[in-house]
Amino acid sequence: MKKIKKVALIFGAIFLLFLIVTVYNAFAVKSKQPEPVTTTIQINEEEAVARFSEAITYQTISYQDRTKFDLPEFDRFIAFLEGSYPLVHEQLELEKINGYSLIYKWSGKDSSKNPIGLTSHYDVVPVLEGTEDNWEQDPFSGIVADGIIWGRGTLDDKIGVISILEAVEHLLSQGYTPEQDMYFMFGHDEEIGGDEGARVIAETLKERGITFEFVMDEGGAIVENMVPGVSQPVGVVGISEKGSATAELSIEGSGGHSSQPKSSTNIGRIASAIAELEATQFKHDLKGPGKDLFEFLAPEMSFGMKYIFANQFIFEPVIENILLKQPATAALIRTTIAPTIFHAGEQYNALPEKASAIINLRLMPGDSLEEVKEFIEETIDDEAITVKLDGSEATNVSSPHSKSFQTIQQAARNVYEEVVIAPYLMFAGSDAKHYESVSMNTYRFLPVQITSDDLQRMHGTNEQISVENYINAIKFFTELIMASDKLEATD
Ligand SMILES: [Zn+2]
C-alpha cells in the first residue's frame, strides 16, 4: 500500500511540474507584432482611382507563345505611366530591360547602404476563351462601380505597379528623399515565367554588384479564417516558395490480347505505384516557414491553442495531425504528390504495351530533387517502372526575424492595425525567386485583404478590387518606403 502511495505521489509531482512548465510556456508567449503607428497619409482618392482604372484598360497580356504579345500595347502602357507619374519620370532614372521590363532607380541620401527593391509585374493572364460573357464588367474596362474597380490586373498584379508608383509620386510631391537607394522593378512576362523580364533585371543588377537589403514582390495577402484559433485577419508574407517538379512514371513491356492477360499488366503496375505513393506520402514535419507561421500566430491565439503551440515539443504530433487534415495546411508541412496525367491504352481489347503517368510535386524547402526521386523509386519498389524527374527545388528561406521583415510588419500594421503579420510558405511561384541571388532576403506580400472568392477570380472571371483596398495598398507602400529609412544592416 505504502509503495503505491509513494508511486502515486511521485507521478502526481511530475504531473504538477509538467502542468506548471507547460502553462508557464503558454503565458510566456509574447506577441511578435509591432505596435501600430496609425498612418496619417492622405491620398487623393479620386485621382488615384482614375489612374488605376486607366491602367487596367491596356491589354498587356502574356501568352505562352511570345509571338502573340501585342507589344505596341505594352508601349502604350509605358507611355501611360510616363504621362501619369510626372515626378517619378522627372526625378527617377528609368531603364528598360529587353524593351519592356522597367527598372526605376530612386537615389537615396546614402547610396553606400544596401538598396531596397520593390517588384511587381504589369502583364496579365488572358481571359479564358468562352468565359468573356461571364464577366459582369468588361475585363479591360477598368470600370469603377459601387466602390469596386473591375478588370484583369486589379489583383494580379497591376495593383502592385500602380500603387507603388502612386506612393512614390506622393512622396516626391512632399519633397521626400529615401535614406538608401530604392529600385522599383516591373516585369512584363511574369505570367509565363519572367525569363525576359525579372530574370534579366536581376542578372543586370547582379553584374553591377548590387545587393538588396530586401526585395518585396507579390505573394501572400491578408486573409481571414485561415487558421483555427486566430480570430483576427492574418497578413501572410511569403518567405519561401515551394519547388515544383514533374515525375514521369513509365513502363514498357509486352502487350497482348485482353482475353488472356497476365496477372500483372502495365496499367495495373503504374496504377499501384501511384496508389502506393498516395498511401505512403512524403514525410511530414512542422519546420521552416510552416513552423515560423505558427510561432507568429500562437501569441494571438485563444489560450487553448496557445497552450498547444507554446508546447510544440510535446504536442508536435497532435499539431501535425490537425494540419494534415486540410490540403492547404498539409501542404505546409510536406512535399505533395498530385497525379495529373495518365496515358495508357487505345483499344478496348488490347493490352497496352506502354503506360505512363505524370505526377506534379511541390517540394518543401530542404527536399532535393535527388531525394524526391529516390523516395519515389523506393516507395513504388518496381524495377520495371522508369522514373524521370524534372523541375526546380524550393527557394531559399528568408528570415522572418530580420529588420527587413519587421519593417514590412510595421508598415502593414500602420495601415491595417488589427491585422497579424506572419511569415509563411508559398505554394505558387512568383518573380521573387529571380531576385534571390541579388538580395539578402526576399519577401512576397500584396498588402490587400482578399477572400477565397478573390483567389478564384485572380486568373479567372470577374477579377476586381475594392477602392478601399487599393488606397490601403498605396498607403502601405508609402509607409514601407518611409519605414525603410530606419533600416540598418541586417542582423
Ligand atoms: Zn502575378
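Just above, that's the structure.
Notes on the structure follow.

Reading guide: rules and limits
Residues numbered from 1 in each chain as written. Predicted model: local features only at pLDDT ≥ 70, side-chain atom pairs only at ≥ 80, totals over all residues. Heavy atoms only, no water. Helix = DSSP H or I, 4+ residues; strand = E, 2+ residues; numbered from the N terminus. Buried < 20%, exposed > 50% of the residue type's maximum accessible area, 1.4 Å probe, protein only. Contact = heavy atoms within 4.5 Å. Areas by Shrake-Rupley, 256 points an atom, 1.4 Å probe, with all protein chains shown as cover. Lys, Arg positive; Asp, Glu negative; His and termini not counted. Charge placed at Lys NZ, Arg CZ, Asp CG, Glu CD. Donors = N, O, S within 2.8 Å, 3.2 Å for Na, K, Ca; no water. Salt bridge = Lys/Arg side-chain N within 4 Å of Asp/Glu carboxyl O. Pairing = 2+ DSSP bridges. Patch = residues over 30% accessible without salt bridge, like charges linked within 9 Å, V, L, I, M, F, W, Y side chains within 5 Å.

### Some thoughts on the overall build of the protein chain
A count of helices and strands for the protein chain gives 15 helices and 15 strands. Burial statistics for the protein chain: of 491 residues in total, 52% are counted as buried. Taking contacts inside the protein chain between residues at least 6 apart in sequence as the whole, the part at least 24 apart equals 82%. As displayed, the protein chain offers around 22900 Å² of accessible surface, 51% of which is attributable to carbon and sulfur atoms. Separation of charge centres in the protein chain, based on 39 positive and 74 negative side chains, amounts to 10 Å.

### Section: the coordination of the zinc ion
Protein-derived ligands of the zinc ion are His121 (NE2), Asp156 (OD), Glu218 (OE) and Glu218 (OE), with the metal-ligand distances lying across 1.9 to 2.6 Å. Sequence positions of the residues that donate to the zinc ion give the spacing H-x34-D-x61-E. With histidine 121 in strand E3 (residues 116-121) and aspartate 156 in the loop between strand E5 (148-150) and helix H5 (158-173), this pair connects stretches of sequence that are 35 residues apart. With respect to class, histidine 121 is no different from aspartate 156; both count as buried.

### Describing the pattern of salt bridges
Applying the stated criterion across every chain yields a total of 16 salt bridges. The shortest N-O distance in the salt bridge between glutamate 241 and arginine 444 comes to 2.8 Å. Of the two residues, glutamate 241 sits in strand E8 (residues 234-241) while arginine 444 sits in strand E14 (residues 442-449), which places them 203 residues apart along the sequence. Just as glutamate 241 is buried, arginine 444 falls in that class too. Residue arginine 269 pairs with aspartate 382 through a salt bridge whose shortest N-O separation is 2.8 Å. In this pair, arginine 269 sits in helix H7 (residues 266-280) while aspartate 382 sits in the loop between helix H12 (369-380) and strand E12 (386-392), placing the two residues 113 residues apart along the sequence. The exposure class of arginine 269 is partly exposed, given its relative accessible area of 28%.

### Let's talk about the sheet that holds strand E4 (residues 144-145)
Strand order in this open sheet of three strands is E4-E5-E15, and the pairing throughout is antiparallel. With partners counted over all chains shown, the strands left at the sheet margins are E4 and strand E15 (464-466), one partner each. The pairing of E4 with E5 spans two bridges and is antiparallel. Residue pairing for E5: alanine 145 is matched across the bridge by isoleucine 148.

### Structural notes on a nonpolar patch on the surface
A contiguous nonpolar surface patch, about 470 Å² in accessible area, is contributed by Phe15, Phe18, Leu19, Phe313 and Ile314. Mapped by element, the contributors of at least two residues to the nonpolar patch are helix H1 (2-28) and helix H10 (312-324). Element by element, the count of residues in the nonpolar patch is highest for H1, at three residues. By the secondary structure assignment, leucine 19 is in helix H1.

Shape is all these values report; function is a separate question.
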